[in-house]
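Residue-level listing of the chains:
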Amino acid sequence: MNIYSMIYFALLIFLFWITGCLNLSSIPGDPRAFKTVDTFSEVSRLAGTEAKLLSFRVGNVTADGLIDFKRSEHPSWIEYEFIVKATSADVRAIKADSVKAGDHIEAKLSVGTIGGAAGLSTIERTVRKRRNDKPIDMVYVPEPIVSIADICSKAQKKGLIKSDEKYQISYEIQGYVVRNNSKFFRLVFSDDGTLLHPSK
């Protein structure tokens, strides 16, 4: 880890010590071959009390589904969004009179590596007020049961993704959505891995 990475990490720790609004944790599992299904219980625990998943987005995924946070060029990253019950520390971090301990809030977990391939692989947790008032049962998604590798394998078998490109894959209300840099490219799979779009 170089000096700039060390300074950046020290600043993050200082920010957490001063404000309590940032929380860093180690990445569960292998940072060079991260598994969204196998690690979900631990990630959910880090999100907060009674965590319900809203969505996650994975960036720089290779066509074989590899999530590598320590890749030297274009490392992978993930952003999770949960609904959780606010703790007293969360209330202090949000700084909104309308939020009280026990209220439902949104927690974002940003997963990646600070300082390149030799750097620290971490999960950064931040919190905010809920952005809408829809009932929670209408906005959260089921626990993921299909791996990113399985989604990529299905897409490859149908000739829908290329081996030399990287993709962004999200898991949300409509299921798994696969995108690349083209605004015209979009694949949709259900939460059980069934291809929905395109339909053939």
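Definitions and cut-offs
- Residues numbered from 1 in each chain as written.
- Predicted model: local features only at pLDDT ≥ 70, side-chain atom pairs only at ≥ 80, totals over all residues.
- Heavy atoms only, no water.
- Helix = DSSP H or I, 4+ residues; strand = E, 2+ residues; numbered from the N terminus.
- Buried < 20%, exposed > 50% of the residue type's maximum accessible area, 1.4 Å probe, protein only.
- Contact = heavy atoms within 4.5 Å.
- Core = buried A, V, L, I, M, F, W, Y, C linked by side-chain atoms within 4.5 Å.
- Phe/Tyr/Trp six-rings, centres within 6.5 Å; stacked < 30°, edge-to-face > 60°.
- Lys NZ or Arg CZ within 6 Å of the ring centre and 35° of its normal.
- Arc of directions from axis to C-beta.
- pLDDT = per-residue confidence, 0-100.
- Salt bridge = Lys/Arg side-chain N within 4 Å of Asp/Glu carboxyl O.

Draft legend 1. Main features of the overall build of the protein. Regarding its fold elements, the protein presents 4 helices and 9 strands. Listed N to C, the secondary structure of the protein is α-β-α-β-β-α-β-β-α-β-β-β-β in terms of helices and strands. Residues counted as buried form 40% of the 200 residues belonging to the protein.

Draft legend 2. Broad picture of the side chain of Ser76. Note on placement: Ser76 falls in the loop between β2 (49-62) and β3 (77-85). Taking relative accessible area as the criterion, Ser76 reaches 3% and is therefore assigned buried. Setting aside residues no more than four positions away along its own chain, Ser76 makes contact with Gly59, Asn60, Leu66, Ile67, Asp68, Phe69 and Arg71.

Draft legend 3. Highlighting the nonpolar core. Core analysis: the biggest nonpolar cluster contains 45 residues, and Phe56, Ile78, Tyr80, Phe82, Ile148 and Tyr176 have the highest contact counts within it. Considering each element in turn, this core owes the most residues, 5 residues, to β2. Beyond its immediate stretch of four places on either side in the chain, Tyr80 contacts Phe34, Thr36, Val43, Leu53, Ser55, Phe56, Ala107, Lys108, Leu109 and Val111.

Draft legend 4. How the structure looks around the environment of Lys166. Inspection of the secondary structure assignment puts Lys166 in strand β6 (residues 166-172). Separated by 92 residues in the primary sequence, Lys166 and His74 have C-alpha atoms spaced 9.0 Å apart. In contact with Lys166, not counting residues within four places along its chain, are Asn60, Val61, Thr62, Arg71, His74 and Asn180.

Draft legend 5. Structural context of the packing of aromatic side chains. Evaluation of the coordinates by the stated rule reveals 7 aromatic pairs. One aromatic cluster is present, formed by Phe40, Phe56, Tyr80, Phe82, Tyr171 and Tyr176 through successive ring pairs. Sitting over the ring of Tyr140, Lys52 keeps its end group 4.8 Å from the ring centre.

Draft legend 6. Fine view of the environment of Ile27. As for its placement among the helices and strands, Ile27 is situated in the loop between β1 (23-26) and α2 (40-47). Along the sequence, Ile27 and Gly112 sit 85 residues apart, while their C-alpha atoms lie 8.2 Å from each other. Ignoring sequence-local partners within four residues, the contact set of Ile27 consists of Phe34, Phe69, Val111, Gly112, Ser121, Thr122 and Ile123.

Draft legend 7. Up close: helix α4 (residues 148-157). Along α4, the residues that are buried comprise Ile148, Ile151, Cys152 and Ala155. Take α4 and look down its axis: the buried residues cluster within an arc of 95°, on one side only. Looking at the buried positions of α4, the neighbouring elements they touch are β2, β6, β7 (175-179) and β8 (187-189). Phi for Gly159, located one or two positions after α4, is positive at around 70°.

Draft legend 8. Representation of the confidence of the model for the protein. Per-residue confidence for the protein gives a mean pLDDT of 86; residues scoring 70 or more make up 83%. Below a pLDDT of 50 lies the segment residues 15-22, which in the model reaches 13 contacts outside its immediate sequence neighbourhood of four places, other chains included.

Draft legend 9. Layout of the pattern of salt bridges. Taken as a whole and judged by the stated rule, the model has 10 salt bridges. The salt bridge involving Lys85 is made with Glu50; its shortest N-O contact spans 3.5 Å. One end of the pair, Lys85, is in strand β3; the other, Glu50, is in strand β2, with 35 residues separating them in the sequence. For Lys108, the salt bridge identified is with Glu79, shortest N-O distance 3.7 Å. In this pair, Lys108 is assigned in strand β4 (residues 104-114) and Glu79 in strand β3, connecting sequence segments 29 residues apart. A network of salt bridges, in which partner residues are shared, links Glu81, Glu106, Arg128 and Arg131.

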